[in-house]
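Next come the chains, spelled out residue by residue.
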Amino acid sequence: MSESTVTSTDSTTATKSAGTTPANGAAQRPAETGFFPPRKVILTKEQLEAFQQSKTHEAIVSYITALNECAVGVKLTDECAVSPGVQSVLDILERIAETARDIPPVDNKASRFGNPAFRTFYDKVSEIAPELHRTILGLPEAAIPEVSVYFDESWGNRTRIDYGSGMELNFLCWMMCLEKLGVFSESDHVALVVKVFWRYIEVMRVLQSTYWLEPAGSHGVWGLDDYHFLPFLWGAAQLRGHKYIRPKSIHDSDTVEEFSKYYMYLACIRFINSVKTASLRWHSPMLDDISAVKTWDKVNSGLLKMFLAEVLGKLPVMQHFLFGSLLAWDGPLPAVPAGSPAQDDAHWGHAHAMGDLGGVGQRENGWGDCCGIPVPSAFAAKEAEGRRLPGAVLSGPGIRPVPFD
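Residues numbered from 1 in each chain as written. Predicted model: local features only at pLDDT ≥ 70, side-chain atom pairs only at ≥ 80, totals over all residues. Heavy atoms only, no water.

1. Overview of the overall build of the chain
Assigned secondary structure in the chain consists of 16 helices and 4 strands. Evaluated residue by residue, the chain yields a buried proportion of 57% over its 405 residues. Partitioning the intrachain contacts of the chain with sequence separation of at least 6 by distance along the chain shows that 77% fall at a separation of at least 24. Per element, the accessible surface of the chain, about 16,300 Å² overall, is 54% carbon and sulfur. (Helix = DSSP H or I, 4+ residues; strand = E, 2+ residues; numbered from the N terminus. Buried < 20%, exposed > 50% of the residue type's maximum accessible area, 1.4 Å probe, protein only. Contact = heavy atoms within 4.5 Å. Areas by Shrake-Rupley, 256 points an atom, 1.4 Å probe, with all protein chains shown as cover.)

This is the structure in C-alpha coordinates:
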(Lines give C-alpha, C1' and ligand atoms only; values in the text may rest on other atoms or scores of the structure.)
Protein backbone atom coordinates (compact mmCIF):
# COMPACT_ATOMS: atom_id res chain seq x y z
CA MET A 1 0.00 0.00 0.00
CA SER A 2 1.01 3.62 -0.40
CA GLU A 3 2.93 5.57 2.14
CA SER A 4 1.26 7.46 4.95
CA THR A 5 0.23 11.06 4.80
CA VAL A 6 -2.23 13.46 6.01
CA THR A 7 -4.09 15.83 3.77
CA SER A 8 -5.99 18.67 5.25
CA THR A 9 -7.92 21.84 4.91
CA ASP A 10 -6.56 24.80 6.79
CA SER A 11 -7.88 27.29 9.24
CA THR A 12 -9.39 29.36 6.44
CA THR A 13 -11.93 26.63 5.75
CA ALA A 14 -12.60 26.14 9.43
CA THR A 15 -13.22 29.86 9.84
CA LYS A 16 -15.72 29.85 6.98
CA SER A 17 -17.73 27.10 8.61
CA ALA A 18 -17.20 27.95 12.26
CA GLY A 19 -19.95 30.53 12.24
CA THR A 20 -22.54 27.92 11.28
CA THR A 21 -21.53 25.18 13.72
CA PRO A 22 -22.44 25.40 17.43
CA ALA A 23 -20.44 23.87 20.24
CA ASN A 24 -22.07 20.44 19.96
CA GLY A 25 -20.93 20.14 16.33
CA ALA A 26 -24.40 20.15 14.78
CA ALA A 27 -24.72 22.35 11.73
CA GLN A 28 -27.13 25.27 11.53
CA ARG A 29 -28.79 25.09 8.14
CA PRO A 30 -30.25 28.36 6.85
CA ALA A 31 -33.95 27.64 6.56
CA GLU A 32 -34.40 29.87 3.55
CA THR A 33 -31.93 28.05 1.28
CA GLY A 34 -30.98 24.69 2.75
CA PHE A 35 -27.29 25.34 1.91
CA PHE A 36 -24.54 25.91 4.45
CA PRO A 37 -20.73 26.03 4.36
CA PRO A 38 -19.34 22.49 4.79
CA ARG A 39 -17.45 21.57 7.93
CA LYS A 40 -15.29 18.74 9.30
CA VAL A 41 -17.09 16.06 11.27
CA ILE A 42 -15.06 12.83 11.34
CA LEU A 43 -12.96 12.65 14.51
CA THR A 44 -12.98 8.99 15.50
CA LYS A 45 -12.63 5.53 14.03
CA GLU A 46 -16.31 4.94 14.80
CA GLN A 47 -17.31 8.00 12.80
CA LEU A 48 -15.14 6.87 9.89
CA GLU A 49 -16.88 3.49 9.95
CA ALA A 50 -20.24 5.28 9.97
CA PHE A 51 -19.14 7.33 6.96
CA GLN A 52 -18.16 4.18 5.08
CA GLN A 53 -21.73 2.93 5.49
CA SER A 54 -23.30 6.26 4.57
CA LYS A 55 -25.13 7.44 1.47
CA THR A 56 -22.47 10.10 0.90
CA HIS A 57 -19.72 7.47 0.76
CA GLU A 58 -21.85 5.43 -1.64
CA ALA A 59 -22.44 8.50 -3.80
CA ILE A 60 -18.72 9.33 -3.97
CA VAL A 61 -17.78 5.77 -4.93
CA SER A 62 -20.58 5.64 -7.52
CA TYR A 63 -19.45 8.93 -9.04
CA ILE A 64 -15.80 7.85 -9.25
CA THR A 65 -16.87 4.56 -10.82
CA ALA A 66 -19.17 6.25 -13.34
CA LEU A 67 -16.42 8.62 -14.49
CA ASN A 68 -14.01 5.70 -14.58
CA GLU A 69 -16.20 3.72 -16.96
CA CYS A 70 -16.71 6.74 -19.20
CA ALA A 71 -12.92 7.09 -19.57
CA VAL A 72 -12.37 3.58 -20.96
CA GLY A 73 -10.62 3.76 -24.32
CA VAL A 74 -10.81 7.57 -24.48
CA LYS A 75 -7.70 9.59 -25.33
CA LEU A 76 -7.01 13.04 -23.92
CA THR A 77 -6.96 14.36 -27.48
CA ASP A 78 -10.29 12.81 -28.52
CA GLU A 79 -13.09 15.16 -29.45
CA CYS A 80 -16.01 15.13 -27.03
CA ALA A 81 -19.09 17.23 -26.42
CA VAL A 82 -18.46 20.28 -24.25
CA SER A 83 -21.64 21.61 -22.70
CA PRO A 84 -22.04 25.24 -21.56
CA GLY A 85 -21.57 24.09 -17.95
CA VAL A 86 -18.33 22.28 -18.78
CA GLN A 87 -17.06 25.25 -20.77
CA SER A 88 -17.77 27.67 -17.92
CA VAL A 89 -15.73 25.46 -15.57
CA LEU A 90 -12.88 25.21 -18.08
CA ASP A 91 -12.90 29.01 -18.24
CA ILE A 92 -12.63 29.15 -14.46
CA LEU A 93 -9.60 26.84 -14.52
CA GLU A 94 -7.97 29.20 -17.00
CA ARG A 95 -8.58 32.05 -14.57
CA ILE A 96 -6.83 30.06 -11.86
CA ALA A 97 -3.86 29.46 -14.15
CA GLU A 98 -3.74 33.18 -14.96
CA THR A 99 -3.87 34.02 -11.26
CA ALA A 100 -0.84 31.80 -10.65
CA ARG A 101 1.04 33.51 -13.48
CA ASP A 102 0.22 36.91 -11.97
CA ILE A 103 1.60 35.90 -8.56
CA PRO A 104 5.21 34.75 -9.03
CA PRO A 105 7.12 33.00 -6.27
CA VAL A 106 9.05 35.23 -3.88
CA ASP A 107 12.80 34.95 -3.51
CA ASN A 108 13.05 32.04 -1.10
CA LYS A 109 16.38 30.49 -2.06
CA ALA A 110 17.35 29.93 1.54
CA SER A 111 14.56 27.38 1.91
CA ARG A 112 13.68 24.18 0.09
CA PHE A 113 10.15 24.19 1.46
CA GLY A 114 6.93 25.74 0.15
CA ASN A 115 7.11 29.25 -1.26
CA PRO A 116 5.18 31.82 0.82
CA ALA A 117 3.74 33.37 -2.35
CA PHE A 118 1.33 30.43 -2.42
CA ARG A 119 -0.57 32.03 0.46
CA THR A 120 -1.07 35.14 -1.66
CA PHE A 121 -2.32 32.94 -4.49
CA TYR A 122 -4.64 31.05 -2.13
CA ASP A 123 -6.09 34.27 -0.72
CA LYS A 124 -6.65 35.67 -4.22
CA VAL A 125 -8.48 32.51 -5.31
CA SER A 126 -10.68 32.68 -2.20
CA GLU A 127 -11.39 36.33 -2.95
CA ILE A 128 -12.46 35.78 -6.55
CA ALA A 129 -14.19 32.42 -5.98
CA PRO A 130 -17.72 33.88 -5.57
CA GLU A 131 -17.29 35.93 -8.75
CA LEU A 132 -16.01 32.87 -10.63
CA HIS A 133 -18.92 30.73 -9.46
CA ARG A 134 -21.42 33.31 -10.66
CA THR A 135 -20.18 32.63 -14.20
CA ILE A 136 -21.25 28.98 -13.99
CA LEU A 137 -24.48 28.60 -15.90
CA GLY A 138 -27.35 27.23 -13.82
CA LEU A 139 -25.58 27.43 -10.44
CA PRO A 140 -27.93 28.83 -7.76
CA GLU A 141 -26.54 31.92 -6.05
CA ALA A 142 -27.50 30.52 -2.66
CA ALA A 143 -25.28 27.45 -3.22
CA ILE A 144 -22.09 29.40 -3.86
CA PRO A 145 -20.95 29.74 -0.20
CA GLU A 146 -21.17 25.96 0.17
CA VAL A 147 -19.78 24.85 -3.19
CA SER A 148 -16.94 27.37 -3.23
CA VAL A 149 -15.38 25.88 -0.07
CA TYR A 150 -14.60 22.64 -1.93
CA PHE A 151 -13.19 24.75 -4.76
CA ASP A 152 -10.96 26.81 -2.46
CA GLU A 153 -9.61 23.68 -0.79
CA SER A 154 -8.73 22.01 -4.10
CA TRP A 155 -5.47 23.94 -4.53
CA GLY A 156 -3.52 23.07 -1.41
CA ASN A 157 -3.19 23.90 2.26
CA ARG A 158 -2.58 27.59 2.92
CA THR A 159 -0.92 27.14 6.30
CA ARG A 160 1.55 24.40 5.43
CA ILE A 161 1.86 25.13 1.69
CA ASP A 162 1.37 21.49 0.83
CA TYR A 163 -0.86 19.35 -1.35
CA GLY A 164 -2.13 15.79 -1.21
CA SER A 165 -4.85 13.42 -2.33
CA GLY A 166 -7.33 15.03 0.08
CA MET A 167 -7.19 18.27 -1.91
CA GLU A 168 -7.66 16.25 -5.10
CA LEU A 169 -10.71 14.70 -3.44
CA ASN A 170 -12.06 18.20 -2.79
CA PHE A 171 -11.98 18.91 -6.52
CA LEU A 172 -13.90 15.70 -7.17
CA CYS A 173 -16.45 16.79 -4.56
CA TRP A 174 -16.71 20.18 -6.25
CA MET A 175 -17.58 18.46 -9.54
CA MET A 176 -20.07 16.25 -7.72
CA CYS A 177 -21.80 19.24 -6.16
CA LEU A 178 -22.06 21.00 -9.50
CA GLU A 179 -23.64 17.89 -11.01
CA LYS A 180 -26.07 17.60 -8.10
CA LEU A 181 -27.09 21.21 -8.80
CA GLY A 182 -27.69 20.56 -12.49
CA VAL A 183 -24.61 22.27 -13.92
CA PHE A 184 -23.38 18.94 -15.33
CA SER A 185 -25.28 15.90 -16.53
CA GLU A 186 -24.36 12.29 -17.23
CA SER A 187 -23.64 13.23 -20.85
CA ASP A 188 -20.77 15.44 -19.58
CA HIS A 189 -18.87 12.60 -17.88
CA VAL A 190 -16.33 12.03 -20.64
CA ALA A 191 -15.55 15.75 -20.81
CA LEU A 192 -15.30 15.93 -17.00
CA VAL A 193 -12.49 13.37 -17.06
CA VAL A 194 -10.47 14.25 -20.17
CA LYS A 195 -11.14 17.99 -20.25
CA VAL A 196 -12.05 19.38 -16.81
CA PHE A 197 -10.18 17.02 -14.50
CA TRP A 198 -7.10 16.83 -16.70
CA ARG A 199 -6.98 20.62 -16.98
CA TYR A 200 -7.12 20.74 -13.18
CA ILE A 201 -4.12 18.39 -13.02
CA GLU A 202 -2.23 20.58 -15.49
CA VAL A 203 -2.94 23.66 -13.36
CA MET A 204 -1.85 21.77 -10.25
CA ARG A 205 1.46 20.90 -11.92
CA VAL A 206 1.99 24.62 -12.44
CA LEU A 207 1.23 25.35 -8.78
CA GLN A 208 3.41 22.49 -7.56
CA SER A 209 6.39 23.60 -9.63
CA THR A 210 5.88 27.34 -9.07
CA TYR A 211 5.30 27.35 -5.33
CA TRP A 212 7.16 24.12 -4.48
CA LEU A 213 4.12 22.66 -2.76
CA GLU A 214 5.26 20.05 -0.27
CA PRO A 215 3.80 16.52 -0.34
CA ALA A 216 1.10 16.52 2.33
CA GLY A 217 2.23 14.68 5.46
CA SER A 218 5.65 13.48 6.44
CA HIS A 219 5.65 10.27 4.40
CA GLY A 220 4.17 11.24 1.04
CA VAL A 221 0.49 11.21 0.16
CA TRP A 222 -1.97 8.36 0.40
CA GLY A 223 -1.52 8.20 -3.34
CA LEU A 224 0.79 6.98 -6.05
CA ASP A 225 3.13 9.89 -6.57
CA ASP A 226 3.95 12.83 -4.31
CA TYR A 227 0.57 14.42 -4.94
CA HIS A 228 -2.11 12.52 -6.90
CA PHE A 229 -4.15 9.33 -7.14
CA LEU A 230 -7.14 9.82 -9.47
CA PRO A 231 -5.17 10.43 -12.70
CA PHE A 232 -3.65 6.98 -12.24
CA LEU A 233 -7.05 5.40 -11.65
CA TRP A 234 -8.79 7.03 -14.59
CA GLY A 235 -5.62 6.84 -16.65
CA ALA A 236 -5.65 3.05 -16.24
CA ALA A 237 -9.27 3.08 -17.42
CA GLN A 238 -8.22 4.93 -20.57
CA LEU A 239 -5.76 2.12 -21.35
CA ARG A 240 -8.11 -0.79 -20.75
CA GLY A 241 -8.12 -2.99 -23.83
CA HIS A 242 -5.25 -1.17 -25.56
CA LYS A 243 -3.75 -3.41 -28.25
CA TYR A 244 -0.09 -2.65 -27.60
CA ILE A 245 0.53 -0.68 -24.41
CA ARG A 246 0.79 -2.90 -21.34
CA PRO A 247 1.33 -1.98 -17.66
CA LYS A 248 5.02 -2.88 -18.03
CA SER A 249 5.32 -0.31 -20.82
CA ILE A 250 5.86 2.40 -18.22
CA HIS A 251 9.50 1.26 -18.16
CA ASP A 252 9.92 2.00 -21.89
CA SER A 253 10.93 5.65 -22.15
CA ASP A 254 10.01 5.87 -25.84
CA THR A 255 6.50 4.60 -25.18
CA VAL A 256 6.02 6.96 -22.27
CA GLU A 257 7.28 9.93 -24.29
CA GLU A 258 5.17 9.12 -27.36
CA PHE A 259 1.88 8.32 -25.66
CA SER A 260 1.92 10.60 -22.61
CA LYS A 261 -0.03 13.18 -24.59
CA TYR A 262 -2.90 10.72 -24.95
CA TYR A 263 -3.09 8.93 -21.59
CA MET A 264 -3.09 10.34 -18.07
CA TYR A 265 -1.30 7.35 -16.57
CA LEU A 266 1.67 7.72 -18.89
CA ALA A 267 1.65 11.49 -18.50
CA CYS A 268 2.00 11.03 -14.75
CA ILE A 269 4.88 8.58 -15.25
CA ARG A 270 6.58 11.06 -17.56
CA PHE A 271 6.15 13.78 -14.93
CA ILE A 272 7.69 11.60 -12.22
CA ASN A 273 10.63 10.74 -14.48
CA SER A 274 11.18 14.42 -15.16
CA VAL A 275 11.67 15.35 -11.50
CA LYS A 276 13.22 12.20 -10.05
CA THR A 277 16.04 9.95 -11.15
CA ALA A 278 16.95 6.29 -10.62
CA SER A 279 14.31 3.70 -11.40
CA LEU A 280 10.68 3.71 -10.33
CA ARG A 281 11.58 0.82 -8.05
CA TRP A 282 13.50 3.21 -5.79
CA HIS A 283 11.29 6.28 -5.62
CA SER A 284 7.88 4.88 -6.71
CA PRO A 285 7.83 1.23 -5.60
CA MET A 286 4.04 0.92 -5.79
CA LEU A 287 4.00 1.99 -9.43
CA ASP A 288 6.84 -0.42 -10.10
CA ASP A 289 4.88 -3.25 -8.48
CA ILE A 290 1.76 -2.37 -10.46
CA SER A 291 3.71 -2.60 -13.72
CA ALA A 292 3.97 -6.37 -13.19
CA VAL A 293 0.19 -6.77 -13.47
CA LYS A 294 -0.78 -8.37 -16.78
CA THR A 295 -3.72 -6.23 -17.89
CA TRP A 296 -4.99 -2.69 -17.48
CA ASP A 297 -8.37 -4.09 -16.42
CA LYS A 298 -6.73 -5.59 -13.34
CA VAL A 299 -4.71 -2.42 -12.71
CA ASN A 300 -7.87 -0.34 -12.94
CA SER A 301 -9.94 -2.51 -10.60
CA GLY A 302 -7.03 -2.79 -8.17
CA LEU A 303 -6.53 0.96 -8.06
CA LEU A 304 -10.21 1.49 -7.30
CA LYS A 305 -9.96 -0.88 -4.35
CA MET A 306 -6.79 0.90 -3.27
CA PHE A 307 -8.52 4.30 -3.42
CA LEU A 308 -11.33 3.03 -1.22
CA ALA A 309 -8.83 1.70 1.31
CA GLU A 310 -6.07 4.29 1.18
CA VAL A 311 -8.05 7.52 0.73
CA LEU A 312 -11.72 7.05 1.67
CA GLY A 313 -10.81 4.47 4.29
CA LYS A 314 -8.02 6.28 6.16
CA LEU A 315 -8.85 8.43 9.16
CA PRO A 316 -5.82 10.76 8.74
CA VAL A 317 -7.29 11.73 5.35
CA MET A 318 -11.01 11.64 6.06
CA GLN A 319 -10.80 13.62 9.31
CA HIS A 320 -10.39 16.59 6.99
CA PHE A 321 -13.35 15.76 4.73
CA LEU A 322 -15.98 18.48 4.53
CA PHE A 323 -19.70 17.79 4.91
CA GLY A 324 -22.42 20.24 3.87
CA SER A 325 -25.97 19.92 2.59
CA LEU A 326 -24.97 18.46 -0.79
CA LEU A 327 -22.52 15.92 0.64
CA ALA A 328 -24.27 15.36 3.92
CA TRP A 329 -23.19 13.75 7.17
CA ASP A 330 -25.81 11.36 8.52
CA GLY A 331 -23.75 9.64 11.22
CA PRO A 332 -23.30 10.26 14.95
CA LEU A 333 -22.14 13.64 16.23
CA PRO A 334 -20.54 13.05 19.65
CA ALA A 335 -19.48 15.96 21.80
CA VAL A 336 -16.02 17.33 21.06
CA PRO A 337 -13.55 16.21 23.79
CA ALA A 338 -12.67 18.73 26.48
CA GLY A 339 -9.59 20.77 25.68
CA SER A 340 -9.87 20.36 21.92
CA PRO A 341 -9.26 23.43 19.75
CA ALA A 342 -12.05 25.40 18.14
CA GLN A 343 -12.91 24.95 14.46
CA ASP A 344 -10.98 28.08 13.56
CA ASP A 345 -7.79 26.29 14.65
CA ALA A 346 -5.77 24.73 11.82
CA HIS A 347 -5.56 21.52 13.86
CA TRP A 348 -9.24 21.22 14.73
CA GLY A 349 -10.23 17.57 14.67
CA HIS A 350 -6.68 16.24 15.02
CA ALA A 351 -6.10 14.00 17.98
CA HIS A 352 -2.53 15.23 18.52
CA ALA A 353 -4.02 18.62 19.44
CA MET A 354 -6.09 16.88 22.10
CA GLY A 355 -3.14 15.60 24.10
CA ASP A 356 -2.54 12.27 22.37
CA LEU A 357 0.83 10.84 21.48
CA GLY A 358 -0.15 10.64 17.83
CA GLY A 359 -2.88 11.58 15.40
CA VAL A 360 -6.21 9.77 15.52
CA GLY A 361 -5.93 6.58 13.54
CA GLN A 362 -2.19 7.06 13.02
CA ARG A 363 -0.80 5.25 16.05
CA GLU A 364 -2.14 2.05 14.49
CA ASN A 365 -0.13 2.84 11.36
CA GLY A 366 3.07 3.65 13.18
CA TRP A 367 3.15 7.39 12.50
CA GLY A 368 3.33 9.65 15.55
CA ASP A 369 2.31 12.84 13.82
CA CYS A 370 -0.82 14.30 12.28
CA CYS A 371 0.08 17.04 9.88
CA GLY A 372 3.49 15.56 9.33
CA ILE A 373 7.06 16.72 9.30
CA PRO A 374 7.50 19.17 6.40
CA VAL A 375 9.00 17.47 3.36
CA PRO A 376 10.69 19.52 0.60
CA SER A 377 9.10 19.15 -2.82
CA ALA A 378 11.01 17.37 -5.58
CA PHE A 379 11.10 20.73 -7.37
CA ALA A 380 12.98 22.28 -4.47
CA ALA A 381 15.49 19.44 -4.47
CA LYS A 382 16.02 19.85 -8.19
CA GLU A 383 16.46 23.60 -7.89
CA ALA A 384 19.08 23.12 -5.18
CA GLU A 385 20.94 20.67 -7.39
CA GLY A 386 20.67 23.08 -10.29
CA ARG A 387 22.53 25.73 -8.32
CA ARG A 388 25.38 23.26 -7.91
CA LEU A 389 25.40 22.24 -11.56
CA PRO A 390 26.04 25.13 -13.97
CA GLY A 391 23.46 25.17 -16.72
CA ALA A 392 20.94 22.99 -14.90
CA VAL A 393 17.76 25.01 -14.36
CA LEU A 394 14.23 24.25 -13.21
CA SER A 395 11.89 24.28 -16.19
CA GLY A 396 8.96 22.02 -15.39
CA PRO A 397 8.41 18.56 -16.87
CA GLY A 398 11.51 18.78 -19.03
CA ILE A 399 13.97 19.65 -16.31
CA ARG A 400 17.20 17.72 -15.95
CA PRO A 401 16.84 14.85 -13.45
CA VAL A 402 18.89 14.86 -10.27
CA PRO A 403 19.28 12.16 -7.61
CA PHE A 404 16.04 11.38 -5.80
CA ASP A 405 15.77 13.46 -2.66
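2. Some details on the packing of aromatic side chains
Geometrically, a pair of aromatic rings is defined through the distance of the ring centres and the angle of the planes. Enumeration according to the criterion identifies 23 aromatic pairs in this entry. Aromatic pair Phe118 and Tyr122: ring centres 6.3 Å apart, planes at 55°, arrangement tilted. Remark: Tyr122 and Phe118 occur in helix α5 (residues 117-133); sequence separation between them is 4 residues, near one turn of the helix. Plain terms: the ring middles of Phe259 and Tyr262 are 6.2 Å apart, the flat faces sit at 55° to each other, and that makes the pair tilted. Classification of Phe259 by relative accessible area gives partly exposed; the value is 27%. Through successive ring pairs, a cluster of aromatic residues spans Phe151, Trp155, Phe171, Trp174, Phe197, Tyr200 and Trp234. (Phe/Tyr/Trp six-rings, centres within 6.5 Å; stacked < 30°, edge-to-face > 60°.)

3. Quick notes on the state of the cysteines
One pass over the structure, following the stated rule, counts 0 disulfides. Here Cys173 stays unpaired: no disulfide links it, and the sulfur of Cys177, its closest cysteine neighbor, is 6.6 Å away. Of the residues examined, Cys173 reaches a relative accessible area of 0% and is grouped as buried. (Disulfide = S-S within 2.5 Å.)

4. Regarding helix α4 (residues 84-102)
Between the first and last C-alpha of α4 there are 27 Å, a value that for 19 residues agrees with the 27 Å anticipated at 1.5 Å per step. Listing the buried residues of α4 in full gives Gly85, Val86, Ser88, Val89, Leu90, Ile92, Leu93, Ile96, Ala97, Thr99 and Ala100. (Expected span 1.5 Å × (residues − 1).)

5. Points about the environment of Leu266
With respect to the secondary-structure elements, Leu266 resides in helix α11 (residues 264-275). Owing to a relative accessible area of 0%, Leu266 belongs among the buried residues under this scheme. Between the C-alpha atoms of Leu266 and Ala236, which are 30 residues apart in sequence, the distance is 9.1 Å. Look past the residues within four positions of Leu266 in its chain and what remains in contact with it is Leu239, Ile245, Ile250, Thr255, Val256, Phe259 and Ser260.

6. Concerning the confidence of the model for the chain
Close reading of the predicted structure is inappropriate where its pLDDT is low. Considering every residue of the chain, the mean pLDDT works out to 80; 71% of them sit at 70 or more. In the predicted structure, residues 387-395 sits below a pLDDT of 50 and forms 11 contacts with residues beyond four places in sequence or in another chain. Taken as a whole, residues 397-405 scores under 50 in pLDDT and shows 27 contacts with residues more than four places along the chain or in a different chain. (pLDDT = per-residue confidence, 0-100.)

7. Thoughts on the pattern of salt bridges
Counted under the stated rule, the structure contains 12 salt bridges. Residues Glu131 and Arg95 are paired through a salt bridge, measuring 3.3 Å at the closest nitrogen-oxygen approach. Of the two residues, Glu131 sits in helix α5 while Arg95 sits in helix α4, which places them 36 residues apart along the sequence. Arg95 gets classed as partly exposed once you look at its relative accessible area, which sits at 30%. In this structure, the salt-bridge partner of Arg134 is Glu141, at a minimum N-O distance of 3.1 Å. (Salt bridge = Lys/Arg side-chain N within 4 Å of Asp/Glu carboxyl O.)

8. Some words on the nonpolar core
Core analysis: the largest hydrophobic core is formed by 108 residues, its most contacted members being Phe121, Trp155, Leu172, Trp234, Tyr265 and Leu303. The element best represented in this core is helix α8 (residues 189-211), accounting for 13 residues. Apart from the residues within four sequence positions on either side, Leu303 is in contact with Leu224, Phe229, Phe232, Leu233, Ala236, Tyr265 and Ile290. (Core = buried A, V, L, I, M, F, W, Y, C linked by side-chain atoms within 4.5 Å.)

9. What about the packing of helix α3 (residues 55-70) against helix α7 (residues 165-180)?
Where α3 contacts α7, the two axes come as close as 11 Å, and the packing angle between them is 95°. When the axes of α3 and α7 are compared, the pair comes out roughly perpendicular. For the pair α3 and α7, the contacting residues are Ala59, Ile60, Tyr63, Ile64 and Leu67 in the first and Leu172, Met175, Met176 and Glu179 in the second. A per-class count over the contact of α3 with α7 returns 8 nonpolar, no polar and 1 charged. (Axes fitted to C-alpha atoms, helices over the stretch in contact; angles between N-to-C directions. Parallel < 35°, antiparallel > 145°, perpendicular 65-115°, else oblique. Nonpolar A, V, L, I, M, F, W, Y, C, P; charged D, E, K, R; others polar.)

10. With respect to the environment of Lys195
Note that Lys195 resides in helix α8. Taking relative accessible area as the criterion, Lys195 reaches 24% and is therefore assigned partly exposed. In this structure, the C-alpha to C-alpha distance between Lys195 and Glu79, residues 116 residues apart in sequence, is 9.8 Å.

11. Details of α7
In a regular helix each residue adds 1.5 Å, so 16 residues correspond to 22 Å; α7 covers 22 Å between its end C-alpha atoms and thus fits that length. Where α7 ends, the next residue or the one after it, Gly182, has phi of about 90°, a positive value.

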